[in-house]
Amino acid sequence: MIKVMLVNLKLFSVLVGLLLSTLLYSQDSLATSFSKNDLEKLIKTGNKGKPVKSLAELLPLLPDELLSSFTFVFDSRSPFKDSITTDKPRVILFSPDTRFILTF
């Protein structure tokens, strides 16, 4: 009985540790996550003080946190489905906490 209680206590402490580390990570990522306001600022003045006029100009200016979290979509039911091909998939960029998503 005592062995079972000790195993359960260890398991509980591991779960609490995981929960706390998840909460701490979430708070850090919320503080530094790229946002809609950041994108708007970047578009308005990101190109050496001038507005960004194209996706080709914008992509190199995006932070690594967005450029490292992405997926490609090769099939869709969206209104843009006819423009999605295997050669030109839709790109979905997202922040590590997935609170910000950018598609093109």
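Computed from a prediction, not measured in an experiment: that's the story for all the values here.

(A) Expanded view of the overall build of the chain. The helix and strand inventory of the chain stands at four helices and three strands. The linear arrangement of helices and strands in the chain, starting from the amino end, is α-α-α-α-β-β-β. Out of the 104 residues belonging to the chain, those deemed buried represent 19%. Of all intrachain contacts in the chain linking residues separated by at least 6 positions in sequence, the fraction that spans at least 24 positions is 35%. About 8,300 Å² of surface is accessible on the chain, with carbon and sulfur atoms providing 64% of the total.

(B) Region of interest: a nonpolar patch on the surface. Taken together, the side chains of Phe70, Phe72 and Phe74 define a hydrophobic patch exposed on the protein surface, amounting to about 310 Å² of accessible area. Mapped onto the elements, Phe70 comes out in strand β1 (residues 70-73). By relative accessible area, Phe70 is classed as partly exposed at 41%.

(C) Representation of the packing of aromatic side chains within the structure. Applying the stated criterion across every chain, the model contains three aromatic pairs. Taking 6.4 Å as the distance between ring centres and 50° as the angle between the ring planes, the aromatic pair formed by Phe72 and Phe74 counts as tilted. You can call Phe72 partly exposed: its relative accessible area is 44%. An aromatic cluster is present here, built from Phe70, Phe72 and Phe74 joined pairwise through their rings.

(D) Region of the structure containing the confidence of the model for the chain. When the pLDDT values of the chain are averaged, the result is 77; 69% of them are 70 or greater. Per-element confidence in the chain ranges from a low mean pLDDT of 46 for helix α1 (residues 2-32) to a high of 94 for β1. Within the model, pLDDT remains below 50 along residues 4-31, and this stretch shows four contacts once partners closer than five positions in the same chain are excluded.

(E) Just the nonpolar core, in detail. Within the largest apolar cluster, 11 residues are counted, these being Phe34, Leu39, Leu42, Val52, Leu58, Leu62, Leu66, Val91, Leu93, Phe100 and Leu102. Looking at this core, the elements with two or more residues in it are α2 (36-45) and β2 (90-94). In this structure, Phe34 is in contact with Leu39, Leu42, Leu62, Pro63, Glu65, Leu66 and Phe100, ignoring residues within four places of it in sequence.

About the criteria used
- Residues numbered from 1 in each chain as written.
- Predicted model: local features only at pLDDT ≥ 70, side-chain atom pairs only at ≥ 80, totals over all residues.
- Heavy atoms only, no water.
- Helix = DSSP H or I, 4+ residues; strand = E, 2+ residues; numbered from the N terminus.
- Buried < 20%, exposed > 50% of the residue type's maximum accessible area, 1.4 Å probe, protein only.
- Contact = heavy atoms within 4.5 Å.
- Areas by Shrake-Rupley, 256 points an atom, 1.4 Å probe, with all protein chains shown as cover.
- Patch = residues over 30% accessible without salt bridge, like charges linked within 9 Å, V, L, I, M, F, W, Y side chains within 5 Å.
- Salt bridge = Lys/Arg side-chain N within 4 Å of Asp/Glu carboxyl O.
- Phe/Tyr/Trp six-rings, centres within 6.5 Å; stacked < 30°, edge-to-face > 60°.
- pLDDT = per-residue confidence, 0-100.
- Core = buried A, V, L, I, M, F, W, Y, C linked by side-chain atoms within 4.5 Å.

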